[in-house]
Amino acid sequence: MKVRHLIDSCDLTVKEVEELIKLANKIMDNPNKYNTCCKNKILATLFFEPSTRTRLSFEAAMHRLGGSVLGFADGASSSGAKGESVSDTVKTVSCYTDIIAMRHPKEGSAFVAAEVSNVPFINGGDGGHYHPTQTLTDLLTIYNVKNKFEDFVIGFCGDLKFGRTVHSLVKAMARYKNISFIFISPVELVIPDYLKKDVLEKNNIKYYESTNLEKEISKLDILYMTRVQKERFFNESDYIRLKDTYILNQEKLKNAKEDLCIMHPLPRVNEISREVDSDSRAAYFKQAKYGVYIRMALIMKLLEIEEKVC
Amino acid sequence: MLRVTSIAKGIVIDHIPAGEGIKIFNFLELDKVNYRVALLINVPSKKMKCKDIVKIENEINMNLDILSVLNENITINIIENEKIIKKYSPKIPQEIEGVIKCKNPRCITSVETKLKNKYILINEETKEYRCQYCEEVIKLTSL
């Protein structure tokens, strides 16, 4: 039987995403029912790049399913520091564990890992490329806040060039009906051409680009804010120049819809003012909570653990 | 007149636009080989007025369709026993493996150099290819 991996959120069909969301919500409603589902199973978390939320939410998910976790939280403490290739590390670790989650700073590293892994492999972020479990978290958030996936104007704001969560979510939402996008970013950090050509234009999905958040905010059903990521820049002066281009605050939210859903993959720096946290439209801390449940559902699906067994 | 003898076994790349032969010579790294190679430039041609030819007295373990990037009217002749046994023009390859290095500094192939670069054709008209790993798109208009 072929082992199933997750490199990009679009590796899952729309139906599979819906099944995962359904299962995540069931787990959330009755977590005790699932707390031994992964007994005797081991998750490896191979994090070649620092991460708090993704790594801890993977680990929390496995612990909550009754499984155990091993791995590293920094490339410097792995054999990669001795010059071992990603494929050799993953091949070796797949001998020790039942499922692997990996984050690596280089784009395409997840593809390399999935090619050699003998156990299910989950991409926990490969450079500025894909971050499918964040996308699943985002989809669960959208569904639980809005109760549907269709008929939205979605605004993405901030670093749309290197923001992998943006790329993955655009691809995932483009599969639903009557979705349009407004991409708000400085000209240096616009959405990549391949997404515009291959995903949006190819499927006749409406979109436009803007540099002005205030001007666009009233049109949005969902606003996805992102951090300008220091680690993606080779030149620090470019980062400093661009990092505070957009700051969402109550003043800017005055013209926004009453039921706007404000999202952010976190961590944030300055792009969402703390005063917005208490606004009922802020969904970003709910997002963080949902991240654990969707990863629990994903681990169960990839390990092919039947719900009735739990 | 300058004369170059025919070859017994190998490849003759003919109808190369004048001035482009050196690019093929360099691309195939023919300066590093130990068999006989001839690069003829500005050879009179009825069809092209002036052309370049590369004669290689050996087999080359590479899909030469990539030469279509330079010009699709190039002719590749496979020679055995001094006779042409196959003659074809290179077609835009659907995949290019191990030939072009990804220029994206964030691509995994930039640090793991033993990985074989692989590009997939995404647009035949514009000769655009996508890196299998990082999905960076390149336009192949020159070797």
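Each value, and the rule that gives it
In every chain, residue numbers begin from 1 and rise along the written sequence. Working convention: letters from A go to chains and numbers from 1 go to ligands, in the order in which they are written. Totals for whole chains, interfaces and linings use every residue, but because this is a predicted model, local features are given only for residues with pLDDT of at least 70 and side-chain atom pairs only at 80 or more, for both listing and counting. Side-chain metrics in this entry use all non-hydrogen atoms of the structure; hydrogen atoms and water are not considered. Only DSSP runs of H or I with at least four residues qualify as helices, and only runs of E with at least two residues qualify as strands; both kinds are numbered from the N terminus onward. When accessible area is computed with a 1.4 Å probe and restricted to protein chains, residues below 20% of their type maximum are described as buried, those above 50% as exposed, and intermediate ones as partly exposed. An automatic or database domain assignment is the source of the domain bounds shown. We call two residues contacting when some pair of their heavy atoms lies within 4.5 Å. Throughout, buried area stands for the accessible area (probe radius 1.4 Å) lost by two parts on being put together, summed over both. Any Lys or Arg side-chain nitrogen located within 4 Å of an Asp or Glu carboxyl oxygen qualifies as a salt bridge. With a 1 Å grid spanning the protein atoms alone, the term cavity applies to any set of points in which a 1.4 Å probe fits but cannot get out, the term pocket to an open set with protein on both sides within 12 Å along at least five of seven lines, and the term lining residue to any residue with an atom within 4 Å of a point. Grid points are joined across faces, edges and corners, and a volume is the space filled by probe spheres set on the points. Three classes are used: nonpolar for Ala, Val, Leu, Ile, Met, Phe, Trp, Tyr, Cys and Pro, charged for Asp, Glu, Lys and Arg, and polar for all others, with Gly counted as polar. Nitrogen and oxygen atoms within 3.5 Å of one another constitute a polar contact, given that in protein one can donate a hydrogen and the other can accept it, and given that sequence-neighbouring residues count only through two side-chain atoms. Pairing between strands is defined by DSSP: at least two bridges between the two strands are required. Axes here mean lines fitted to C-alpha atoms, for a helix over just the part in contact, with angles spanning 0 to 180 degrees between N-to-C directions. Nine residue types can take part in a nonpolar core, namely buried Ala, Val, Leu, Ile, Met, Phe, Trp, Tyr and Cys, and a core is a set of them joined through side-chain atoms within 4.5 Å.

*Asks:* I'm lost on unusual backbone geometry in this one. Help?
*Replies:* Excluding glycine, residues mostly have negative phi values, and the peptide bonds linking residues are mostly trans. Cis geometry marks the peptide bond from Leu-266 of chain A to Pro-267 of chain A; its omega dihedral reads 0°. Within the secondary structure, Pro-267 of chain A is located in the loop between strand E9 (261-263) and helix H11 (284-302). Look at Asn-178 of chain A: it is not a glycine, yet its phi comes out positive at around 55°. Structurally, the position occupied by Asn-178 of chain A is in the loop between helix H6 (164-173) and strand E6 (179-184). Backbone geometry at Glu-82 of chain B places phi at a positive 65°, although glycine is not the residue there. Of note, Glu-82 of chain B is situated in the loop between strand E4 (75-80) and strand E5 (83-88). According to the relative accessible area criterion, Glu-82 of chain B is exposed, its value standing at 54%.

*Asks:* For this particular structure, what's the right way to read the domain arrangement of chain B?
*Replies:* Where interface size is given, it is often the accessible area lost as the parts come together that is meant. Residue and element names in this part refer to chain B. Examined at the domain level, chain B breaks down into domain 1 (10-88) and domain 2 (95-139). The C-alpha-based centres of domain 1 and domain 2 are spaced at 25 Å. Facing 5 residues of domain 1, the contacting portion of domain 2 comprises 4 residues. When the two sides are added together, the surface that domain 1 and domain 2 hide from each other amounts to roughly 350 Å², 74% of it contributed by carbon and sulfur.

*Asks:* Mind showing me how you'd approach the pattern of salt bridges here?
*Replies:* Between side chains of opposite charge, pairing is possible as soon as their charged atoms come close. Residues and elements named next belong to chain A. Overall, the coordinates contain 24 salt bridges over all chains when judged by the stated rule. We note a salt bridge from Asp-8 to Lys-171, for which the minimum N-O separation is 2.8 Å. Of this pair, Asp-8 sits in the segment before helix H1 (14-29) while Lys-171 sits in helix H6, and the two are 163 residues apart along the sequence. Lys-171 matches Asp-8 in its accessibility class, with the two residues each being buried. For Glu-19, the salt bridge goes to Lys-15, with nearest N and O atoms at 3.4 Å. Residue Glu-19 and its partner Lys-15 are located together in helix H1, separated by 4 residues, close to a single helical turn.

*Asks:* I would appreciate a short explanation of the layout of surface pockets in the present structure.
*Replies:* In this approach a probe as big as a water molecule rolls over the atoms, and the regions it shows empty are the leftover space. Taken as a whole, the largest pocket spans an internal volume of roughly 650 Å³. Lining of the largest pocket is provided by 24 residues; of these, Pro-192, Asp-193 and Tyr-194 of chain A together with Glu-136 and Val-137 of chain B occupy positions nearest its centre. Counting only elements with at least two residues in the lining of the largest pocket, the list comes to helix H7 (193-201) of chain A together with strand E7 (118-123) and strand E8 (128-131) of chain B. The class makeup of the residues in the lining of the largest pocket is 8 nonpolar, 5 polar and 11 charged.

*Asks:* Whenever I open this one, the interface of chain B and chain A confuses me. Can you help?
*Replies:* Taken together, the contact pairs 16 residues of chain B with 20 residues of chain A. When chain B packs against chain A, close to 1400 Å² is buried across both sides, 53% of that on carbon and sulfur atoms. For chain B, the biggest contributors to the area lost against chain A are Arg-106, Ile-108 and Glu-135 of chain B; these three give 44% of the whole. Our count for the chain B to chain A interface comes out at 2 salt bridges. One salt bridge in this structure joins Arg-130 of chain B and Asp-198 of chain A, with 2.0 Å as the shortest N-O distance. Seen at the junction of chain B and chain A, the total is 9 residue pairs in polar contact (both at pLDDT 80 or more). Tallied by class, residues from the side of chain B that touches chain A come to 8 nonpolar, 3 polar and 5 charged.

*Asks:* What is the right way to read the sheet that holds strand E7 (residues 207-210) of chain A from this model?
*Replies:* Adjacent strands of a sheet form backbone hydrogen bonds with each other and so pair up, either parallel or antiparallel. All names here are of chain A. Here we have 5 strands laid out as an open sheet, ordered E7-E6-E5-E8-E9, and parallel in their pairing. Strands with a single pairing partner mark the edges of an open sheet, and in this sheet they are E7 and E9. The sheet shows a mean angle of 15° between the axes of neighbouring strands, taken without regard to direction. Alignment of strand E5 (residues 152-157) against E6, held across 6 bridges, turns out to be parallel. Residue pairing in the sheet places Phe-156 in a bridge with Phe-183 of E6.

*Asks:* What am I meant to see in the nonpolar core here?
*Replies:* Across soluble globular proteins, nonpolar side chains show a tendency to be buried alongside one another. Judged by nonpolar contacts, the single largest core of 63 residues is most densely connected at Phe-156, Met-173 and Phe-181 of chain A. Of the residues forming this core, the biggest block, 10 residues, is contributed by H11 of chain A. Two domains share this core, each providing at least three of its residues, namely domain 1 (9-130 + 291-309) and domain 2 (133-288) of chain A. Sequence-distant contacts of Phe-181 of chain A, defined by excluding residues within four places in its chain, comprise Ile-154, Phe-156, Val-170, Met-173, Ala-174, Leu-200, Ile-205, Lys-206, Tyr-207 and Tyr-208 of chain A. In this structure, Ile-100 of chain A together with Leu-28, Ile-96 and Tyr-129 of chain B belong to the second largest nonpolar core, which totals 50 residues.

*Asks:* I tried to follow the sheet that holds strand E1 (residues 10-17) of chain B on my own but got confused; where do I start?
*Replies:* Residues and elements named next belong to chain B. Spatially, E2-E3-E1-E4-E5 is the arrangement adopted by the 5 strands of the open sheet, whose pairing is antiparallel. Lying at the two open borders of the sheet, with one neighbouring strand each, are strand E2 (37-45) and E5. When strand polarity is set aside, the average angle formed by the axes of neighbouring strands in this sheet is 20°. In terms of strand pairing, E1 meets strand E3 (residues 49-56) through 5 bridges, oriented antiparallel.

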